[in-house]
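Letter by letter, the chains look like this.
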Amino acid sequence: MRGGVRGPSRSPAAAPGGAPVLRECDVCGTRCVAKRCGRCGRRSYCGVRCQREDWASHRVACGVAPAAACAVCARGGTTTAPPCGHGLCAACEYALSKRRKPGRPKCPRCRAPEQSESALILEDEVPLLRARHAAVVRTDAAEARRLLSRAAERCRAAQAWEAAAARRDAGLEGRRSLRRNAVLADLELGEALLGLGDFDGAATALGRGLPLAEVGAPGELPAATATLWTGLARAQLEIGDAAGAAHSATRATARADAPWQAHHTLGAAQDRLGELRAATAAYRAALAKVGPRDAERVTVLFNLGRCCRVSGDLGDAVKCLRDCLAASPEDGAAARELAVALEAAGDSEAAVAALRKYLVRSPADLETTRALGAILFSRGDLLAAREVLYGLAHRAPDDVDGLVRLGLVHARLGDAREAEIRWRRALALDPACVEARANLAGVRSPAAAGL
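Keep in mind it's a predicted model, so treat the numbers as computed, not measured. (Residues numbered from 1 in each chain as written. Predicted model: local features only at pLDDT ≥ 70, side-chain atom pairs only at ≥ 80, totals over all residues. Heavy atoms only, no water.)

Visitor: What's the story with the overall build of the chain in this structure? I'm lost.
Guide: Each helix and strand in the chain was counted, giving 19 helices and 4 strands. In the chain, which comprises 451 residues, the share counted as buried stands at 48%. In the chain, of all internal contacts separated by at least 6 residues, the share reaching a separation of at least 24 is 48%. For the chain, the accessible surface area stands at approximately 22,100 Å², while carbon and sulfur atoms represent 52% of it. (Helix = DSSP H or I, 4+ residues; strand = E, 2+ residues; numbered from the N terminus. Buried < 20%, exposed > 50% of the residue type's maximum accessible area, 1.4 Å probe, protein only. Contact = heavy atoms within 4.5 Å. Areas by Shrake-Rupley, 256 points an atom, 1.4 Å probe, with all protein chains shown as cover.)

Visitor: For this particular structure, what's the right way to read the packing of helix α17 (residues 400–412) against helix α18 (residues 416–429)?
Guide: The geometry of a pair of packed helices is captured by two quantities: the angle between their axes and the separation between those axes. With their axes 7 Å apart at the nearest point, α17 and α18 run at an angle of 165 degrees to one another. In terms of their interaxial angle, α17 and α18 are classed as roughly antiparallel. Between α17 and α18 lies a crossing whose hand is left-handed. Residue-level inspection shows Val 400, Leu 403, Val 404, Leu 406, Gly 407, Leu 408, His 410 and Ala 411 of α17 in contact with α18, the latter providing Glu 418, Ala 419, Arg 422, Trp 423, Arg 425, Ala 426 and Leu 429. Of the residues assigned to the contact of α17 with α18, the class counts are 10 nonpolar, 2 polar and 3 charged. (Axes fitted to C-alpha atoms, helices over the stretch in contact; angles between N-to-C directions. Parallel < 35°, antiparallel > 145°, perpendicular 65-115°, else oblique. Left-handed = near helix turned anticlockwise from the far one by under 90°. Nonpolar A, V, L, I, M, F, W, Y, C, P; charged D, E, K, R; others polar.)

Visitor: How should the pattern of salt bridges be read in this particular structure?
Guide: Evaluation of the coordinates by the stated rule reveals 21 salt bridges. A salt bridge links Glu 153 to Arg 150; its shortest N-O distance comes to 3.0 Å. Residue Glu 153 and its partner Arg 150 are both found in helix α4 (residues 141–168); the two are separated by 3 residues, about one turn of the helix. For Glu 153, a relative accessible area of 44% translates into the label partly exposed. The class for Arg 150 is buried, based on a relative accessible area of 11%. Arg 370 is paired through a salt bridge with Asp 401; the nearest N and O atoms lie 3.6 Å apart. With Arg 370 in helix α15 (residues 366–379) and Asp 401 in helix α17, this pair connects stretches of sequence that are 31 residues apart. Owing to a relative accessible area of 29%, Asp 401 belongs among the partly exposed residues under this scheme. Taken together, the shared-partner salt bridges in this structure form one network comprising Arg 370, Asp 399, Asp 401 and Arg 405. (Salt bridge = Lys/Arg side-chain N within 4 Å of Asp/Glu carboxyl O.)

Visitor: Help me understand helix α14 (residues 348–361) in this model?
Guide: For an α-helix the count is 3.6 residues per turn, leaving residues at separations of three or four pointing the same way. With 14 residues, α14 extends 21 Å between its outermost C-alpha atoms, agreeing within 8% with the 20 Å of an ideal straight helix rising 1.5 Å per residue. Among the structural elements, α13 (332–344) and α15 are those in contact with the buried residues of α14. (Expected span 1.5 Å × (residues − 1).)

Visitor: In this structure, what is going on with the packing of α15 against helix α16 (residues 382–395)? I would like to understand it.
Guide: Close contact between α15 and α16 brings their axes to 8 Å; oriented N to C, the two are set at 160 degrees. Here α15 is positioned roughly antiparallel relative to α16, judged by the angle of their axes. As α15 packs across α16, the resulting crossing turns out to be left-handed. Judged by residue contacts, Leu 366, Thr 369, Arg 370, Leu 372, Gly 373, Leu 376 and Phe 377 of α15 engage Leu 382, Ala 384, Ala 385, Val 388, Leu 389, Leu 392 and Arg 395 from α16. When its residues are assigned to classes, the contact of α15 with α16 shows 10 nonpolar, 2 polar and 2 charged.

Visitor: Could you clarify how one ought to interpret the environment of Ala 288 in this entry?
Guide: In this structure, Ala 288 sits in helix α10 (residues 276–289). As for Ala 288 and His 263, which are separated by 25 residues in sequence, their C-alpha atoms are 9.9 Å apart.

Visitor: Even after reading the chapter, I still don't get the confidence of the model for the chain, so can you show me in this structure?
Guide: In regions of low pLDDT, the predicted coordinates are not meant to be interpreted in detail. Summary statistics for the chain give a mean pLDDT of 79 and a share of 78% for residues scoring 70 or more. Within the chain, helix α1 (residues 48–62) has the poorest average pLDDT of any element, 73, and helix α9 (residues 260–272) the best, 93. Low confidence marks residues 1–18, where pLDDT is under 50. Its contacts with residues over four positions away, or in another chain, come to 42 contacts. (pLDDT = per-residue confidence, 0-100.)

Visitor: Just checking my understanding: could you explain α16 for this structure?
Guide: In this model, α16 (14 residues) spans 20 Å end to end at C-alpha, consistent with the 20 Å of a helix rising 1.5 Å per residue. All buried positions along α16 are accounted for by Leu 382, Ala 384, Ala 385, Val 388, Leu 389, Leu 392 and Ala 393. Among the structural elements, α14, α15 and α17 are those in contact with the buried residues of α16.

Visitor: Help me out: how do you make sense of the environment of Ser 348 in this one?
Guide: Structurally, the position occupied by Ser 348 is in helix α14. When the C-alpha positions of Ser 348 and Ile 375 are compared, they lie 7.4 Å apart, and in sequence the two are 27 residues distant. Non-local contacts of Ser 348, meaning those with residues more than four positions away in its chain, are made with Leu 342, Ile 375 and Arg 379.

Visitor: Help me understand the side chain of Thr 369, please; the structure alone is not making it clear to me.
Guide: Of note, Thr 369 is situated in helix α15. With relative accessibility at 3%, the residue Thr 369 sits in the buried group. Excluding residues within four positions of it along the chain, Thr 369 makes contact with Leu 359, Pro 363, Val 388, Leu 392 and Arg 395.

This is the structure in structure tokens:
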């Protein structure tokens, strides 16, 4: 425990008559029955407060040097060294200060008497690593990946500890603590492997934890069971097993405590299987459960809007995509999907306005610029389309698709020479461009060209 009198501390020697010897506290000078430093025995303290005050200067003399690597995340450059000797980096120490539970040791490597080694890893270390991962995932991809790798490594260590404990004592096989720790280890390992992109490994880990979770006592691991099914469905979806993902996600959503991710994954699986109405219903259920300020709400809105558009429910599609764009104004995919939905609803003017509004914020988005040019062309606003596509060609002179579209605009305006120049340039960049080759073959009949 950092800065605290570690027990049992060395008690002062007793006088011949049995009475304790009074000593002066080395910090405040109070004469009392002082306890000595539990590690070196050279310093005396009247209590915890004085030892904490003295630790900054005493730790070097005490012989506890900062560890070479953090005891939790294994990163070098440890900056703290508590009396227990488990060094923590500044980031882990800060994250720990935000989430430490009452009654737990301040050091995550100092387990409470009731904690096993695997419980220490799964209840203290891995959540700490996941909290640090969530803090850096959007700003430092390399560090986020390193933290996930460390979490996976610690989960495997927890599994090894539980396996060794089961071998030492066969009676552990029936204990709830063993089953709980084994399930949590598989769950945390599967989540870490999902983040690392090892979908086969994630599916294996999560599938291994499910039988233990399912045979548990009713209500013993409800949240873990639903999360295991959800993670397995996500892994299966990434592998390409949409039918298996739909089955796993259905098992997850059948539970009352199913997270919103379960409904969202079910919607994605059914969407991939072509079951649009079922997918729309699953996405709606996910939207009802996801928090109004959750960052992933944007993803749910986008997928629901796209699914509604494909299934022909254009009113709901436009509403969802507008909400998505309002929550994330720099989401180019949402702007383009909204424009497609508005154009399908017959409001091409609103589609153009939505794309122009987005491009004011993100003028460098080439795909959205190309989509704006296409809509203007389909409306017959050729001069505006030419202006937009000229801007695209200026920013991305090697954009083959933009050159083909610009050639079509010139052909529709009757400028066959300019159209031929654009298409020849597109063919020079990509000899396999079928559209440019076909348009060159029919360059004498520009009226037949279409976007």
